[in-house]
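# Structural features, examined
Take a look at the letters that make up each chain.
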Amino acid sequence: MMRRIVLPGSVVGNAKSKLPGKGVFKEGDKLYASRLGILEDKGKYVNVIPLAGVYDPNVGDTVIGVIQEVFKNAWIVDINAPYPAILNMEDAPWKMEYGETAKYLKVGDVIVALIKLVDEARNVEVSMKGKPCRKIEDGIIIEVQPSKIPRIIGKNASMLNILKKYTQCWIFVGQNGRIWIKGEDDKVDLLIKAIRKIEKEAHTFGLTERIIKMLGG
Amino acid sequence: MLIKDGKRVDGRKPDELRPIKIEAGVLYRADGSCYLEWGGNKVLAAVYGPREALPRHIQDPTKALVNARYNMASFSVEERKRPGPDRRSIEISKVTSEALESVIFTELFPRTVIDISIEVLDAEAGTRCAGITAAGVALADAGIPMRDIPVACAAGKVDGTIVLDLTSEEDQEGDADLPVAIAPRTEEILLLQMDGHMTYKEFEEALELAIKGCKEIAKLQRKALLNKYKAFEVG
Amino acid sequence: MEIPEVKRVSAIKRDHLARLAKERKRPDGRKPDEYRPIKIERNIIKKAEGSARVRIGNTMVLAGIKLEVGEPYPDSPEEGVMTTSVELPPLASPEFEPGPPTPDAIELARVVDRGIRESEFIKLEKLCIEPGEKVWIVFIDLHVLDYDGNLFDACSLAASAALQKTIIPNERYEMGENEKLPVGSPPVSCTFVKYEDFVVIDPCLEEEEIAQARFTVALDKNGDIRAMQKGLKGSFTIDEIKNNIKRAQIQAKKIRRLLEG
């Protein structure tokens with residue numbers, strides 16, 4: 001069974017009784033979808049949960065980034081968004097002097113960070129101060145469509161818990177479509193297959209059961 | 001004689017479209033893509049973005065840039081075309097970019113660029129309309145926020161009769177060619193070009209016919225996207 | 001449509017591939033001499049005199065063959081002319097930019113060309129119309145549509161498949177009826193890359209991103225060598241090169257069967 005999908009220009013509600021939420025705009029007295037996605041009509045707002053699209057950074061998001069450039073007092077981080085992010089040395093978890101940045105993070109290093117700031121022109125700053133933040137030294141990173149991350153996590157992390165339970169892998173999900181995985185080779189392979197299946201079938205019903213079955217449950 | 005007994009050279013009625021086939025999400029690397037066959041046309045459109053616009057001095061701090069590139073493969077035409085943009089391709093790229101930009105919510109992604117690449121692999125009249133139609137599907141497939149999915153179709157005048165969707169022969173030997181792109185929901189005109197000779201009344205008739213054609217094709221675009229997810233549309 | 005590009009290969013990815021390489025494993029689970037699934041479709045493009053679309057894994061290349069009447073080269077007045085070009089359009093990869101052919105595109109075209117030319121696949125001596133004046137010019141145009149590694153083999157295969165079913169457009173020039181382009185046996189190209197001392201055939205994109213050296217060999221139907229190209233900034237040992245050729249001789253046979261099938 002499939003969830004109901006909307007396309008740009010689809011009518012999704014009446015502007016007199018509902019407000020436009022994410023992926024929805026108002027024109028005249030109707031509400032329309034602006035993106036390809038799944039309609040969510042609860043309460044006061046009508047939202048469209050996108051099924052495709054780039055990662056748009058939000059303050060507070062946990063992301064997995066790759067160091068692109070090193071400056072004397074900051075780093076440029078690729079966060080898989082149309083915008084690069086800056087990590088200032090004051091926001092790193094280590095105390096360092098001006099010019100010592102390369103000692104701690106060099107080009108190609110992978111980190112877990114938090115989105116600290118996004119301004120109107122979409123200049124983005126990240127910080128590594130906070131519990132999940134660290135430099136990633138082992139395991140592998142896979143990339144998925146950022147719009148599928150919510151389904152991979154599931155309601156109350158239900159899907160994520162199933163993935164962890166049946167593969168015994170360490171899984172850390174970044175909001176920006178990057179997932180850090182650690183585990184035994186064949187379990188990791190199975191986990192990646194399951195994640196790709198969720199990515200492909202995110203819009204369907206009964207996915208959870210199919211994933212459990214695939215993982216041998 | 002391009003029209004005989006109300007039938008055109010390829011047997012169609014004046015208001016009939018050539019067969020069209022649309023498939024969404026056909027490429028692995030692109031963020032969004034569409035393969036489209038329209039009569040003898042075969043067109044592939046791909047979207048990358050929004051992504052950082054570089055070099056930085058071209059960035060617009062208030063919105064995304066929309067950069068469409070229309071290109072014909074060397075082997076797509078009867079007489080081989082030398083690779084690379086010619087003046088015709090550059091003009092089509094420009095009017096295509098402008099048409100697509102009007103429906104995209106560019107202010108949601110300042111300082112970025114949305115790159116649209118249209119490759120004509122097999123050509124048979126109406127390639128710019130096929131390109132815009134494919135680009136519309138590719139943009140939706142990529143999750144680009146839009147007011148509507150843009151669609152295009154041409155009408156023309158052949159042997160004094162207003163017809164829909166010209167063939168190569170009709171384009172070369174007919175009296176007028178009118179490609180039109182619209183946002184189908186509101187019938188806003190996004191692209192309109194004309195060459196030939198038409199009276200005002202003839203133009204009105206041709207425009208109405210082109211818009212009718214566009215709306216029929218818009219249904220096929222939506223079907224192709226839903227097909228990818230094998231789902232049912234709301235609204 | 002897939003995931004956006006990681007602009008620099010992360011240290012993690014490099015380490016992961018290196019670890020797999022030490023165990024002689026590849027990131028997609030293939031064996032060192034295993035090709036990804038290959039799909040060949042011919043006669044795709046109506047306007048072309050010959051065409052083929054080839055997929056190797058997710059990599060997709062479209063070959064279009066066009067023939068025109070033109071002048072022969074002065075030093076071969078009774079032979080047709082063949083010329084190969086490769087387009088890397090922006091739609092095939094987030095890294096491709098519009099513009100004139102890059103050195104990568106040119107190298108690709110010339111290597112594919114050599115394989116076809118040196119194996120005498122196209123019988124150029126049969127393409128003479130008027131000695132010294134008019135011959136058939138065969139344009140081999142390769143249009144990459146989706147880049148996920150190994151363009152050398154995908155382009156070569158697409159060109160070979162297209163040429164096998166190409167027609168000479170006599171009718172367009174009012175020179176009689178159309179006929180089949182006379183061809184012999186196609187070359188088959190096999191490409192290897194080396195990373196962390198691990199040499200593998202048919203590199204996927206991830207492997208190409210960290211490859212230190214690349215080697216392509218074009219073989220004829222007897223397994224004899226018709227063309228070779230070593231690329232990238234690293235090196236191969238003599239044994240590695242010799243081994244690659246032996247490995248190619250085995251894999252090329254399988255690919256040749258696909259072309260003949």
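Residues numbered from 1 in each chain as written. Chains lettered and ligands numbered in written order. Predicted model: local features only at pLDDT ≥ 70, side-chain atom pairs only at ≥ 80, totals over all residues.

### Regarding the overall build of chain A
Secondary structure assignment for chain A yields five helices and 16 strands. Expressed along its principal axes, the backbone C-alpha trace of chain A runs to roughly 60 × 45 × 20 Å. A burial count over chain A gives 41% of its 217 residues as buried. Residue pairs at least 24 apart in sequence account for 57% of intrachain contacts in chain A once pairs closer than 6 positions are excluded. (Helix = DSSP H or I, 4+ residues; strand = E, 2+ residues; numbered from the N terminus. Buried ≥ 20, exposed ≤ 12 C-beta atoms within 10 Å, placed from the backbone. Contact = placed C-beta atoms within 7 Å.)

### Things to note about the overall build of chain B
The helix and strand tally for chain B stands at four helices and twelve strands. Here the C-alpha radius of gyration of chain B, 18 Å, is about what a compact globule of 235 residues would show, namely 18 Å. If one aligns the C-alpha atoms of chain B with their principal axes, the spans along those axes are about 55 × 45 × 35 Å. For chain B, long-range pairs separated by at least 24 residues make up 70% of all intrachain contacts whose partners lie at least 6 apart in sequence. (Rg over C-alpha atoms; globule rule 2.2 N^0.38 Å.)

### What about the sheet that holds strand S11 (residues 213-219) of chain C?
Residues and elements named next belong to chain C. Ordered in space as S10-S9-S11-S12, the four strands form an open sheet in which the pairing is antiparallel. One side of each edge strand has no neighbouring strand; the edge strands of this open sheet are strand S10 (198-201) and strand S12 (225-231). Put simply, the sheet's adjacent strands are angled 20 degrees from each other on average, direction ignored. Here strand S9 (residues 188-195) pairs with S10 via four bridges, running antiparallel. Bridge assignment links Lys194 to a residue of S10, and that residue is Val199. (Pairing = 2+ DSSP bridges. Axes fitted to C-alpha atoms, helices over the stretch in contact; angles between N-to-C directions.)

### Quick word on helix H5 (residues 238-260) of chain C
Residues and elements named next belong to chain C. When the terminal C-alpha atoms of H5 are compared, their 33 Å separation across 23 residues agrees well with the 33 Å that a helix rising 1.5 Å per residue should span. Maximal helix bending in H5 amounts to about 25 degrees, located at Gln249. Here H5 has its buried residues at Asn244, Ala248, Ala252 and Ile255. Along its buried surface, H5 packs onto strand S1 (38-42), helix H3 (151-164), S9, S10 and S11. (Expected span 1.5 Å × (residues − 1). Bend = angle between axes of the 7 residues up to and from the residue.)

### Quick word on the nonpolar core
Core analysis: the biggest nonpolar cluster contains 204 residues, and Ala138(B), Val61(C), Cys155(C) and Ala158(C) have the highest contact counts within it. Looking at this core element by element, the count peaks at ten residues for H3(C). Those residues in contact with Val61(C), other than ones at most four positions away along the chain, are Val54(C), Leu142(C), Val144(C), Leu145(C), Leu151(C), Ala154(C), Cys155(C) and Ala158(C). (Core = buried A, V, L, I, M, F, W, Y, C linked by C-beta atoms within 7 Å.)

### A closer look at the interface of chain B and chain A
Often, the extent of an interface is quoted as the loss of accessible area upon association of its parts. Listed per partner, the contact involves 31 residues of chain B and 26 residues of chain A. Those elements giving two or more residues to the side of chain B that touches chain A turn out to be strand S5 (41-52), helix H2 (127-141) and helix H4 (200-229) of chain B. Its residues placed into classes, the side of chain B that touches chain A shows 16 nonpolar, five polar and ten charged. (Nonpolar A, V, L, I, M, F, W, Y, C, P; charged D, E, K, R; others polar.)

### A look at the packing of H2(B) against H4(B)
All names here are of chain B. Running from N to C, H2 and H4 cross one another at 35 degrees; their axes reach a closest spacing of 10 Å. Two packed elements cross with a definite hand, and for H2 against H4 that hand is right-handed. In contact with Thr133, Gly136, Val137, Ala140 and Asp141 of H2, H4 contributes Ile217, Gln221, Ala224 and Leu225. For the contact of H2 with H4, a count of residues per class yields five nonpolar, three polar and one charged. (Left-handed = near helix turned anticlockwise from the far one by under 90°.)

### Considerations on the pairing of strand S9 (residues 161-164) of chain B
All names here are of chain B. Summarising the sheet, strand S8 (residues 151-158) and S9 pair through four bridges and their orientation is antiparallel. Across the sheet, residue Gly156 finds its bridge partner in S9, namely Val163. Counted between consecutive antiparallel strands, the loop separating S8 from S9 contains two residues, among which Asp159 sits at a positive phi close to 50 degrees.

### What about the sheet that holds strand S2 (residues 11-14) of chain A?
Residues and elements named next belong to chain A. In spatial order, the strands read S2-S5-S4; together these three strands make up an open sheet with antiparallel pairing. The sheet is open, and its two edges are formed by S2 and strand S4 (24-27), each paired on a single side. For this sheet the average axis-to-axis angle between neighbouring strands, irrespective of direction, equals 30 degrees. Note that S2 and strand S5 (residues 30-33) share three bridges and pair antiparallel. What sits directly across from Asn14, in S5, is Lys30.

### Quick look at the domain arrangement of chain A
By domain assignment, chain A separates into domain 1 (5-50), domain 2 (62-136) and domain 3 (140-214). For domain 1 of chain A and domain 2 of chain A, the distance between their C-alpha centres works out to 35 Å. (Domains from an automatic or database assignment.)

### So, the packing of helix H1 (residues 87-101) of chain B against H2(B)
Residues and elements named next belong to chain B. Packing of H1 against H2 leaves a shortest axis separation of 11 Å and a crossing angle of 40 degrees. When the axis of H1 is compared with that of H2, the two are oblique. Both H1 and H2 take part in a crossing whose hand is right-handed. On the side of H1, the interface is formed by Ile92, Thr96, Ala99 and Leu100, while H2 contributes Arg128, Gly131, Ile132, Ala135 and Leu139. Partitioning the contact of H1 with H2 into residue classes produces six nonpolar, two polar and one charged. (Parallel < 35°, antiparallel > 145°, perpendicular 65-115°, else oblique.)

### Comments concerning the environment of Gly28(A)
Its place among the elements puts Gly28(A) in the loop between S4 and S5. Considering only alpha carbons, one finds Gly28(A) and Ala15(A), 13 residues apart in sequence, at a separation of 7.8 Å.

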